[in-house]
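Below are the chains, spelled out letter by letter.
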Amino acid sequence: MSSVRQTLEAPIKKVTSLRLRYKFLLIAAIALLIFLLSKGPSPGQNHFVYLADSFLHGRLGLTGGGENLAEMVPFNGNYYVVYPPMPAVLLLPFVAVWGTTFDQALLSVILAGFCVAATWLMLKKAGSNQTKALWLTALFGFGTCFWFIASVGSSWYIEHVVAVLFLTSAIILALYGKSNFAVGLLLGCSVIARLPVALSFPFFLLLIYDQKNMWMPRVRQALIFFGGLAIPVGLNALYDYARYGVFTNIGYYLIPGIQEDPFFQQGIFNIAYIPRHLHAIFLQGPNVLPDFPWFQPNWIGMGLFLTTPAFLFIFIGAFRGGWRSLNKKAALAILCILPPIITHGTVGFTQFGYRFSLDFVPFLMLLTAAGMRENLGWTEKVLIILSLLINLWGVVSIIKFGFVSF
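As a starting point, this report considers the structure included with it. (Residues numbered from 1 in each chain as written. Predicted model: local features only at pLDDT ≥ 70, side-chain atom pairs only at ≥ 80, totals over all residues. Heavy atoms only, no water.)

Across its full length, the protein chain holds 17 helices and four strands. Taken along the three principal axes of its C-alpha coordinates, the protein chain extends 75 × 65 × 45 Å. Within the protein chain, the fraction of its 406 residues that count as buried is 52%. Expressed as a percentage of contacts within the protein chain between residues at least 6 apart in sequence, the contacts between residues at least 24 apart total 73%. Accessible area for the protein chain stands at about 18,200 Å²; split by element, carbon and sulfur atoms hold 68% of it. Once the 26 positive and 14 negative side-chain charges of the protein chain are each reduced to a mean point, those two points are 18 Å apart. (Helix = DSSP H or I, 4+ residues; strand = E, 2+ residues; numbered from the N terminus. Buried < 20%, exposed > 50% of the residue type's maximum accessible area, 1.4 Å probe, protein only. Contact = heavy atoms within 4.5 Å. Areas by Shrake-Rupley, 256 points an atom, 1.4 Å probe, with all protein chains shown as cover. Lys, Arg positive; Asp, Glu negative; His and termini not counted. Charge placed at Lys NZ, Arg CZ, Asp CG, Glu CD.)

Another aspect to go through is helix α16 (residues 361-371). Where burial is concerned, most of α16 is hidden: 10 out of the 11 residues are buried. Three or more residues of α16 are buried, namely Val361, Pro362, Phe363, Leu364, Met365, Leu366, Leu367, Thr368, Ala369 and Gly371.

Think of it this way: side chains of opposite charge can pair up when their charged atoms draw near. Scanning all chains against the criterion turns up eight salt bridges. A salt bridge links aspartate 53 to arginine 59; the shortest N-O distance between them is 3.8 Å. Using a relative accessible area of 16% as the deciding quantity, one classes aspartate 53 as buried. The salt bridge partner of arginine 373 is glutamate 380, with a shortest N-O separation of 2.8 Å. (Salt bridge = Lys/Arg side-chain N within 4 Å of Asp/Glu carboxyl O.)

Taken N-terminus to C-terminus, the directions of helix α5 (residues 104-125) and α16 make an angle of 45°; their axes are 11 Å apart at the nearest point. What the angle tells us is that α5 and α16 run oblique. Viewed along their axes, α5 and α16 form a crossing whose handedness is right-handed. When α5 is examined against α16, the residues Thr119, Met122 and Leu123 are found in contact with a partner set consisting of Pro362, Met365, Leu366 and Ala369. Taken together, the residues of the contact of α5 with α16 break down into six nonpolar, one polar and no charged. (Axes fitted to C-alpha atoms, helices over the stretch in contact; angles between N-to-C directions. Parallel < 35°, antiparallel > 145°, perpendicular 65-115°, else oblique. Left-handed = near helix turned anticlockwise from the far one by under 90°. Nonpolar A, V, L, I, M, F, W, Y, C, P; charged D, E, K, R; others polar.)

Before going further, it helps to examine the packing of aromatic side chains. Here the structure, examined in full by the defined rule, presents 27 aromatic pairs. Consider the rings of phenylalanine 352 and tryptophan 393, whose centres lie 6.1 Å apart with planes at 75°: the pair is edge-to-face. Here the residue phenylalanine 352 occupies a position in the loop between α15 (325-342) and α16, and tryptophan 393 occupies one in helix α17 (residues 378-400), the gap between them amounting to 41 residues. The buried category is assigned to phenylalanine 352, whose relative accessible area is 0%. The partly exposed category is assigned to tryptophan 393, whose relative accessible area is 25%. These aromatic residues form a ring-pair network of at least three members: Phe201, Phe203, Phe204, Phe225, Phe226 and Phe363. Taking the ring centre of tyrosine 22 as reference, the NZ or CZ of arginine 21 above it sits at 5.9 Å. The lysine or arginine in question, arginine 218, covers the ring of tryptophan 215, its NZ or CZ lying 5.2 Å from the ring centre. (Phe/Tyr/Trp six-rings, centres within 6.5 Å; stacked < 30°, edge-to-face > 60°. Lys NZ or Arg CZ within 6 Å of the ring centre and 35° of its normal.)

Let's shift gears to unusual backbone geometry. A cis geometry characterises the amide bond from phenylalanine 349 onward to threonine 350, with omega recorded as 5°. Along the chain, threonine 350 falls in the loop between α15 and α16. The backbone phi angle of glutamate 71 is positive, close to 60°, even though this residue is not glycine. Along the polypeptide, glutamate 71 turns up in the loop between α3 (47-56) and β1 (73-75). The backbone phi angle of asparagine 76 is positive, close to 50°, even though this residue is not glycine. Checked against the element boundaries, asparagine 76 lands in the loop between β1 and β2 (78-80).

Right, dumping it as structure tokens:
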């Protein structure tokens, strides 16, 4: 028995003895392999491939068939992509080589692998031990709706993957106390993938406050942070001005038929939409069928805590009073990001889970870690494994077997 245990422990010891950078790359590679195995076909809605092609040819509007994609904005004789452009920026080298035939979902899964590794590094720096960090990293990558979103890689989904990567990277640099200019720059790159992420900035300001013990250094570092943030945000404002003649993205209001859409009868944003989001987050369940397989993923979505039961430890941590200063900052960031999400007319469908949660999932992971014991017990492990199985069910049901079709 001891020889068997030694045989099993040998490769684990080799892995744990690796340098940090090699562990990071190993985790990213393993995650990428899983994402590649679960990846769907090239998405039909690949706006960012066409947008990258337009950028390469000195245009802002889409041509070559891209103008026929969903939710395109016709304006002054051009067809514009309404979504923030960061995924298209990352696609530039790939489209430069392979053109508009490049599979947008392939970039999605590549970036997703780095998201998983970045989450591991964030959790380690936040104080989780090696075993706990690995369990929680698996939870993020394959026990949340991130798995499904990354594997599909359509235009509505890849923007979440890009936002998670840059937001998590910004958190890591901030935790290490590195350049606040770079932290702001990374956060800005996340913002121009998913605009609501901008409202997480208090998290970073509070970290700056803690890292400095006098007001002048705090103010100086805050200005440096905002200087980095201003670059991508400012470039995005110029991008909007070049398209619409204003420095804000009015494209959402110009989508043909948006005013008549039954989900936007009270505007694109309205507090009247909050109840539908609360239902989606806490109560929305799967479709119940009369025979096998008895349950089917709900295309509207599924509750956050039904999709990822391990997130229940967020509340356990709060009730135990185990939140450190960092966790309180993470909770504040979530509360800051939520308003534009829960006042939006739709809850994010079509989707598996509640995809808008990915705008703040790095903060959810920090709070989940705070709610779990440092040496994970069977309760933590059971809920993590259950989360993995639920999301495996979603990925297989939709992507591999088409039980719910696009």
